[in-house]
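Okay, here's what each chain looks like letter by letter:
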Amino acid sequence: MPDRPFHDSAAHGRVALPDRQRSPWFELLKRLGAAVGILVGTVLLVYADREGYVDNNDPTRAVDLVDALYYTTVTLSTTGYGDIAPVSTPARLVNAFVITPARVGFLVLLIGTTLEVLASQGREMIRVNRWRKRMADHVVVIGYGTKGRRAVDTLVQNGWDRDAVVVVDPRQSAMDDAHTDGLAIVIGDATRRDVLRRARVAEATQVVITTDRDDTNVLATLTVRQLNPEASIVTAVREQENVPLMRQSGADSVITSSDAVGRLLGLSSLSPALGSVMEDLLTYGDGLEVAERDLLVTEVGKAPQSLPDQVIAVVRDERVYRYFDPVVTQLARGDHLIVVRPAQELAWAPRPGTHGEASAAED
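Treat the numbers as computed from the prediction; the structure is a model and nothing was measured.

What counts, and at which threshold
Throughout this description, residue numbers start from 1 for each chain and increase along the sequence as written. Local features in this predicted model are restricted to residues whose pLDDT is 70 or higher, and side-chain atom pairs enter the listing and the counts only when it is 80 or higher, whereas totals over whole chains, interfaces and linings include all residues. The basis for the side-chain values is all heavy atoms of the structure; hydrogens and waters are excluded. To qualify as a helix, a DSSP run of H or I must reach at least 4 residues; to qualify as a strand, a run of E must reach at least 2; elements of each kind are numbered from the N terminus. Exposed residues in this analysis have more than 50% of their type's maximum accessible area, buried residues have under 20%, and partly exposed residues fall in between, with area computed by a 1.4 Å probe over protein chains only. Throughout, a residue-residue contact means that at least one pair of heavy atoms, one from each residue, lies within 4.5 Å. For accessible areas, the Shrake-Rupley method is used with a probe of radius 1.4 Å. Any residue's cover is judged against the shown protein chains and nothing else. We call a set of buried Ala, Val, Leu, Ile, Met, Phe, Trp, Tyr and Cys residues a nonpolar core when their side-chain atoms join them within 4.5 Å. The salt bridge definition used is simple: a Lys or Arg side-chain nitrogen within 4 Å of an Asp or Glu carboxyl oxygen. By the convention used here, strands pair only if DSSP detects at least 2 bridges between them. Angles here are taken between N-to-C directions and fall from 0 to 180 degrees, while the axes themselves are lines fitted to C-alpha atoms, restricted in helices to the stretch in contact. When the strands point away from the viewer and the connection leading from the first strand across the helix to the second strand turns clockwise, the crossover is called right-handed. Note that the term roughly parallel is reserved for angles under 35 degrees, roughly antiparallel for angles over 145, roughly perpendicular for angles of 65 to 115, and oblique for everything else. Three residue categories are used. Nonpolar comprises Ala, Val, Leu, Ile, Met, Phe, Trp, Tyr, Cys and Pro, charged comprises Asp, Glu, Lys and Arg, and polar comprises the others, including Gly. To estimate how far a helix should extend, the number of its residues minus one is multiplied by 1.5 Å. Under the pairing criterion, centres of Phe, Tyr and Trp rings, with the six-membered ring standing for Trp, must be within 6.5 Å; the plane angle then separates stacked pairs below 30 degrees from edge-to-face pairs above 60, leaving the rest tilted.

## With respect to the overall build of the chain
Okay, so step 1: When helices and strands are counted, the chain shows ten helices and eleven strands.
Okay, so step 2: A burial count over the chain gives 33% of its 363 residues as buried.
Okay, so step 3: Of all intrachain contacts in the chain linking residues separated by at least 6 positions in sequence, the fraction that spans at least 24 positions is 61%.
Okay, so step 4: Summed over all atoms, the accessible surface of the chain reaches about 22,200 Å², with 58% contributed by carbon and sulfur.

Here it is as structure tokens:
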């Protein structure tokens, strides 16, 4: 069955947070604990004010702790007082500990569903309000297909918290996938301002746009840039001819998905070994990785080729230079290095910059 966007107007632009997975036994014990707490609190309140109560079945009309317990249980269960009432202590204890819990259980079975719906709606509203208040300096991922999920996986594997990632997508399958991955999602069309505002795009530091249509990506990029002039926007396009248009729309980085896949296929056809290495560089956590790191104090003044890491580019004054460019013959404070290194540190392949060494970044 083809995936469909939400057509319910009430769902459009709605923030949907992932459900918290809890044991049914935990929920049951939590509710029982709340009920016991109310019961005990009420008993103590009645007993503390026992001088204001009388027991018509007691010649002395005095109210003791058992009387307070009995009065509380029949009152909380909305039983009231009838022409037949227990008068002996054992009968009252049976009424308090056996009959009343059975009566409460019946009431829970009778009205529990309605109460659960109301409580769930209230809790969801509170969760969404709290989420909105703390959501800032986060990442917004527009489009949660294969590319979007891989982008989120890479962010999480490199230190981002899932709570700091928000997905925007109108499809039911995207909501299911996002909740499975523990992500919040705003359901709706990312080309609309109201939807992006619900995702707090104006407060985001990064926006990743990965829908399957280039025209949608262009419009979403324009809208995001208008709402947040400072955010870093990374956009995927299917056709190379749309890259200039995407950059003019405000994207900081544009990835051509079809060209990238085509090049990888071509390289693998010419040289399976080369294709394997390229795939290794694009896979996180094993073999080789491409990373950006700060220049260390001990590396200032050296040539890029002389460092333990395989330097392939140097970032200086927000510009990227190839390692062989004469401008970066000697490394200077404030430089950042783009390196190829082992994904996991090995005894024979140390990873500089991962042991708390002093950075040469300018103050």
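## Concerning the nonpolar core
Okay, so step 1: Counting residues in hydrophobic clusters, the biggest one holds 27 residues, and the most contacted among them are Val140, Ile142, Val168 and Val207.
Okay, so step 2: Not counting chain neighbours up to four residues away, the residues in contact with Ile142 comprise Val168, Ala190, Leu196, Val207, Val208, Ile209, Thr210, Thr211 and Val224.
Okay, so step 3: Core analysis: the next-biggest nonpolar cluster, separate from the first, contains 14 residues, Leu155, Val167, Met175 and Ala178 among them.

## Let's talk about the pattern of salt bridges
Okay, so step 1: In this structure the tally under the stated criterion is twelve salt bridges.
Okay, so step 2: Residues joined in a network through salt bridges with shared partners are Arg149, Asp177 and Asp181.

## Brief notes about the environment of Leu331
Okay, so step 1: Following the sequence through the fold, Leu331 ends up in the loop between strand E10 (319-322) and strand E11 (336-342).
Okay, so step 2: Residue Leu331 is classed as buried on the basis of its relative accessible area of 3%.
Okay, so step 3: Distance from Leu331 to Lys302, taken between C-alpha atoms, is 5.6 Å for residues 29 residues apart in sequence.
Okay, so step 4: Among all residues touching Leu331, those that are not within four sequence positions of it are Leu295, Glu299, Val300, Gly301, Lys302, Pro304, Leu307, Val314, Arg316 and Leu337.

## Some thoughts on the sheet that holds strand E8 (residues 288-294)
Okay, so step 1: In spatial order, the strands read E8-E11-E9-E10; together these four strands make up an open sheet with antiparallel pairing. Every other strand in the sheet has two partners, leaving E8 and E10 as the edge strands with one partner each. Adjacent strand axes in the sheet meet at a mean angle of 30 degrees when their direction is disregarded.
Okay, so step 2: As defined by bridge partners, E8 adjoins E11 across seven bridges and the pair is classed as antiparallel. Residue Val290 lies in a different strand from E11, and its bridge partner there is Val340.

## Looking at the pairing of strand E2 (residues 139-142)
Okay, so step 1: Residues of E2 alternate between two faces, with Val139 and Val141 on one and Val140 and Ile142 on the opposite face, all of them buried.
Okay, so step 2: Following the chain from E2 across helix H4 (residues 146-157) to the adjacent parallel strand E3 (residues 165-169), one finds a crossover that is right-handed.
Okay, so step 3: Relative to strand E5 (residues 206-209), E2 runs parallel, the two being bridged by four bridges. Its bridge partner lying in E5, Val140 is registered against Val207.

## A look at unusual backbone geometry
Working note: non-glycine residues mostly have negative phi, and peptide bonds are mostly trans.
Okay, so step 1: For Arg200, which is not glycine, the phi dihedral falls at a positive 60 degrees.
Okay, so step 2: Relative to the elements of secondary structure, Arg200 occurs in the loop between helix H6 (193-198) and E5.
Okay, so step 3: According to the relative accessible area criterion, Arg200 is partly exposed, its value standing at 26%.
Okay, so step 4: Despite not being glycine, Glu318 has its phi angle at roughly 65 degrees, a positive value.
Okay, so step 5: With respect to the secondary-structure elements, Glu318 resides in the loop between strand E9 (310-316) and E10.
Okay, so step 6: Given the relative accessible area of 79%, Glu318 is considered exposed.

## Digging into the packing of helix H9 (residues 257-270) against helix H10 (residues 272-282)
Okay, so step 1: Contact geometry of H9 with H10 gives a least axis separation of 5 Å together with a crossing angle of 140 degrees. The orientation of H9 with respect to H10, classified from their angle, is oblique. Between H9 and H10, the contacting residues are Leu264, Leu267, Ser268 and Leu270 on the first element and Pro272, Leu274, Gly275, Met278 and Glu279 on the second.
Okay, so step 2: Residues belonging to the contact of H9 with H10 are distributed by class as follows: six nonpolar, two polar and one charged.

## Quick notes on helix H7 (residues 214-227)
Okay, so step 1: Helix length check: H7 (14 residues) gives 20 Å between terminal C-alpha atoms against 20 Å at 1.5 Å per residue, within 8%.
Okay, so step 2: For H7, the complete set of buried residues consists of Asp214, Asn217, Val218, Ala220, Thr221, Thr223, Val224, Arg225 and Leu227.
Okay, so step 3: Buried positions along H7 lie against E2, H6, E5, strand E6 (232-237) and helix H8 (243-248).

## Some points on the pairing of E3
Okay, so step 1: Burial analysis of E3 places five of its five residues in the buried class, which makes it a mostly covered element.
Okay, so step 2: Bridge count for E2 against E3 is four bridges, and the pairing is parallel. Within E3, the residue paired with Ile142 across the bridge is Val168.
Okay, so step 3: Bridge count between E3 and strand E4 (residues 184-187): four bridges; the pairing is parallel. Within E4, the position partnered with Val167 by the bridge is Ile185.

## Overview of the packing of aromatic side chains
Okay, so step 1: With the rule as written, the count across this model stands at one aromatic pair.
Okay, so step 2: A centroid spacing of 5.3 Å and a plane angle of 80 degrees characterise the contact between Tyr323 and Phe324, whose relative ring orientation is edge-to-face.
Okay, so step 3: With a relative accessible area of 59%, Phe324 lands in the exposed category.

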